[in-house]
There are 2 protein chains.
Amino acid sequence: MAAPASTPVGSCKVVLAASIAKKLLEEVHDGLKKVDHKPRLHGFLANSDPAAKMYANWTAKTCQENGFDFTLREVAREDLEDVLREANQDPNVDGILVYYPVFDTTRDRTLQWTVSLYKDVEGLSPQLISNMYQNIRFLDPPANQLKSILPCTPLAVIKILEHLQIYNTFLDYGKRLFGRRITVINRSEVVGRPLAALLANDGAEVFSVDVTGVQRFTRGTGLKKQKHEVEDLEGWQLKDCLLNSDVVISGVPGDSYKVPTELIREGAVCINFSSEKNFSPDVKEKASIYVPAIGKVTIVILLRNLLRIVQNLRENQQRNGESA
Amino acid sequence: MAAPASTPVGSCKVVLAASIAKKLLEEVHDGLKKVDHKPRLHGFLANSDPAAKMYANWTAKTCQENGFDFTLREVAREDLEDVLREANQDPNVDGILVYYPVFDTTRDRTLQWTVSLYKDVEGLSPQLISNMYQNIRFLDPPANQLKSILPCTPLAVIKILEHLQIYNTFLDYGKRLFGRRITVINRSEVVGRPLAALLANDGAEVFSVDVTGVQRFTRGTGLKKQKHEVEDLEGWQLKDCLLNSDVVISGVPGDSYKVPTELIREGAVCINFSSEKNFSPDVKEKASIYVPAIGKVTIVILLRNLLRIVQNLRENQQRNGESA
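Procedures and definitions
- Residues numbered from 1 in each chain as written.
- Chains lettered and ligands numbered in written order.
- Predicted model: local features only at pLDDT ≥ 70, side-chain atom pairs only at ≥ 80, totals over all residues.
- Heavy atoms only, no water.
- UniProt positions renumbered as here; feature names shortened; annotations may be inferred.
- Helix = DSSP H or I, 4+ residues; strand = E, 2+ residues; numbered from the N terminus.
- Rg over C-alpha atoms; globule rule 2.2 N^0.38 Å.
- Buried < 20%, exposed > 50% of the residue type's maximum accessible area, 1.4 Å probe, protein only.
- Contact = heavy atoms within 4.5 Å.
- Areas by Shrake-Rupley, 256 points an atom, 1.4 Å probe, with all protein chains shown as cover.
- Lys, Arg positive; Asp, Glu negative; His and termini not counted.
- Charge placed at Lys NZ, Arg CZ, Asp CG, Glu CD.
- Pairing = 2+ DSSP bridges.
- Axes fitted to C-alpha atoms, helices over the stretch in contact; angles between N-to-C directions.
- Parallel < 35°, antiparallel > 145°, perpendicular 65-115°, else oblique.
- Left-handed = near helix turned anticlockwise from the far one by under 90°.
- Nonpolar A, V, L, I, M, F, W, Y, C, P; charged D, E, K, R; others polar.
- Buried area = accessible area lost by both parts, 1.4 Å probe.
- Salt bridge = Lys/Arg side-chain N within 4 Å of Asp/Glu carboxyl O.
- Polar contact = N/O pair within 3.5 Å; in protein donor to acceptor, adjacent residues only side chain to side chain.
- Least-squares fit on C-alpha atoms with pLDDT ≥ 70 in both.

- Under an unreviewed UniProt entry, the name given to chain A is Methylenetetrahydrofolate dehydrogenase [NAD(+)], and the source organism is Polychaeton citri CBS 116435.
- Quoted verbatim from the Subunit (unreviewed entry) heading of the UniProt record, the comment on chain A is "Homodimer."
- Taken directly from UniProt, the Function (unreviewed entry) text for chain A runs: "Catalyzes oxidation of cytoplasmic one-carbon units for purine biosynthesis."

1. Brief notes about the overall build of chain A
So, step 1. Tallying secondary structure elements over chain A gives nine helices and twelve strands in all.
So, step 2. What you see for chain A is a C-alpha radius of gyration of 20 Å, in line with the 20 Å of a compact globule of 324 residues.
So, step 3. Oriented by its inertia axes, the alpha-carbon framework of chain A measures out at about 55 × 45 × 40 Å.
So, step 4. The burial tally for chain A puts 55% of its 324 residues in the buried class.
So, step 5. Expressed as a percentage of contacts within chain A between residues at least 6 apart in sequence, the contacts between residues at least 24 apart total 60%.
So, step 6. Of the roughly 14,400 Å² that chain A leaves accessible, carbon and sulfur atoms contribute 51%.
So, step 7. With 40 positive and 40 negative side-chain charges, chain A shows a separation of 6 Å between the mean positions of the two kinds.

2. Things to note about the sheet that holds strand β4 (residues 69-74) of chain B
All names here are of chain B.
So, step 1. The strand order across the open sheet built from three strands is β4-β3-β5, with neighbouring strands paired in parallel fashion. Two strands bound the open sheet, and with one partner strand each, they are β4 and β5 (95-98). Neighbour-to-neighbour, the strand axes of the sheet open up by a mean angle of 20°, direction not taken into account.
So, step 2. Judged from the four bridges that link them, strand β3 (residues 40-45) and β5 form a sheet pairing that is parallel. Among the inter-strand pairings, His42 is bridged to a residue of β5, identified as Ile96.

3. Considering the packing of helix α1 (residues 17-32) of chain B against helix α9 (residues 295-319) of chain B
Residue and element names in this part refer to chain B.
So, step 1. Across the interface, α1 lies against α9 with an axial gap of 9 Å and an inter-helix angle of 15°. Between α1 and α9, the angle falls in the class roughly parallel. Of the two elements, α1 crosses α9, and the hand of that crossing is left-handed. Facing Ala17, Ala18, Ile20, Ala21, Leu24, Leu25, Val28, Gly31 and Leu32 of α1, the residues of α9 in contact are Lys296, Val297, Val300, Ile301, Leu303, Arg304, Leu307 and Gln311.
So, step 2. Among the residues making up the contact of α1 with α9, the classes are represented as 13 nonpolar, two polar and two charged.

4. Observations regarding the interface of chain A and chain B
So, step 1. Taken together, the contact pairs 33 residues of chain A with 33 residues of chain B.
So, step 2. For the pairing of chain A and chain B, the buried interface totals around 2,900 Å² over both sides, and the portion due to carbon and sulfur atoms is 43%.
So, step 3. Contact with chain B buries area across many residues of chain A, yet Ser11, Phe170 and Phe178 of chain A alone supply 23% of it, more than any other trio.
So, step 4. Taken together, chain A and chain B are joined by four salt bridges.
So, step 5. For Asp172 of chain A, the salt bridge goes to Lys13 of chain B, with nearest N and O atoms at 3.1 Å.
So, step 6. Inspection of the chain A/chain B interface yields 22 residue pairs in polar contact (both at pLDDT 80 or more).

5. Quick word on the relation of the copies chain A and chain B
So, step 1. You can overlay chain A on chain B at an RMSD of 0.0 Å; the transform is a turn of 180° with a shift of 0.0 Å along its axis. What we have between these two chains is a two-fold relation. For chain A, the smallest separation between a C-alpha atom and the rotation axis is recorded for Asn244 of chain A, amounting to 3.9 Å.
So, step 2. Mapped onto chain B, 100% of the interface residues of chain A again fall at the interface, so both copies present the same surface.

6. Examining the sheet that holds strand β4 (residues 69-74) of chain A
Residue and element names in this part refer to chain A.
So, step 1. In space, the three strands of this open sheet follow the order β4-β3-β5, with parallel pairing throughout. In the strand order of this sheet, the two ends are held by β4 and β5 (95-98), each with one partner. Taking each pair of neighbouring strands and ignoring which way they run, the sheet shows an average axis angle of 20°.
So, step 2. With six bridges joining them, strand β3 (residues 40-45) and β4 adopt parallel strand pairing. If you follow Leu41 over to β4, its bridge partner there is Phe70.
So, step 3. Packed on one face of the sheet, helix α3 (residues 80-89) meets β3, β4 and β5 and runs near 165° to β5.

7. Remarks on the pattern of salt bridges
Residues and elements named next belong to chain B.
So, step 1. This model, assessed by the stated rule, comprises 40 salt bridges over all chains.
So, step 2. A salt bridge links Lys61 to Glu65; the nearest nitrogen and oxygen atoms lie 3.0 Å apart. Separated by four residues within a single helix, Lys61 and Glu65 lie in helix α2 (residues 50-65), roughly one turn from each other.
So, step 3. Classification of Lys61 by relative accessible area gives partly exposed; the value is 48%.
So, step 4. Given the relative accessible area of 55%, Glu65 is considered exposed.

Structure, rendered in structure tokens:
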């Protein structure tokens, strides 16, 4: 694509996900050189949605282009739980990715719980999710050598904020958003809520907004709490959040929603993770940085998670005295 | 001194000026290696205040320790204007520093206007001050090779904010404070007002507070204006400013003034440039970063300005075809 990495529009930098993905991909390639085999991802497709098939093909292409091994396994949905249990035990499978929805009911949650936490590239296993909310960053405390796996889209947003230097590396690790106020529009279990939790765990004051109202996620005065707590902000509306926010992150599905530009503060950083455009074009008149889409970063995070799984495996084997 | 460079107190980093000064001094030392002679600073003392004499001795010591040449010239104050005119012409004088107050009346301004703008290490010459307010960063537009000299204390604060990564280097030069809201308590002509102007010229929204009220310094929506403009915020009080500010910079003389900690927002960056402590010890419960004093950075800026004058001189000589 010929578009430049960042195009200045007035004083707003429009930052394309591709430019951030490129840098993250370099880190992934460096990591790949240090592991003893090509990481093997197995993708499990158990629905007939053409969109899921397309996503599967896209995963395959991205893996192949970047030195990862990908196997697509099409499975009848009633067989999927058994197949996943076998894959958990199969030493030739490093990472597992399930194309959801499968049943499109709460039964899908059972599938998420079936995938081994040591192979879950999407970070949906109960222990991984619990670690994320509890601000526990390793799988093996107190040794803290095996990093826990975070869900791809929330982690993509965090990597974008790091790239944009919204994380202040002058502050200590784990507190680098201290002093930042961030609005997250969307509180889904898949992205919005975990994202709000991760940002608050890193020190931000987060306003989490959805149709039911506004919640604040924070670690309290002076970040004295080890993990975030959540409180309802009765009577608060989106405008109260935006008035106070340095960073606005929106992921509302559907093409009708727009964050009202007039409520966004001067110089805010605006990031859209919806597949639709949640910001109007005139956001560039007000924002200091605008990231219109994040998909290309998310897919790199999937590879990064897979690499981390292989690194954790090697670390674990070395610790147990086996040859790596 | 045995104190560490930054001491964590809860989640607040207390950053001592010495640690920032050290890094800036390294840059100055690197620059010194590339100039053809030891920069020569002449300090003019025309008052009998023991404090001025002490400051002069401190300048001498700092210059000598860091590879600069310092000459103290004690002069009767009625002779000072003539002596400064001679120094302006004297090729053996690179930089001029006058220990104010001399007459302690507006007559001192005539002295400031007498010092050549090409030798003024304090940045008090009318053209330098005009450049600063007008956001003109070079002495020789459009060639833009000779950087204008900025007053030491305001520039020290800016260098501190750069060190703390409050300036976001992901943004373009000249706009790196876009989105930051900063309260400056003190609007003196020597520090507070120039500082507010510099911060706003770099993209911040600045609330400038003194006993007469609150003013806002900004470059307007989307930083569309090339330089800051100032408006009175009728009815605003300190608390309105602090509620909105990521950064609080205070320089109120006298030992009775304290910025009320309860009005400072969670995770704010707090910097004191008063010789007294304008923040209470409990600021560490709320701030993300606290810089209790800046004097050691200011003195390095004086050396940096002197070095810049010598670099500008060389650039000018080379441009005019003379040997450097």
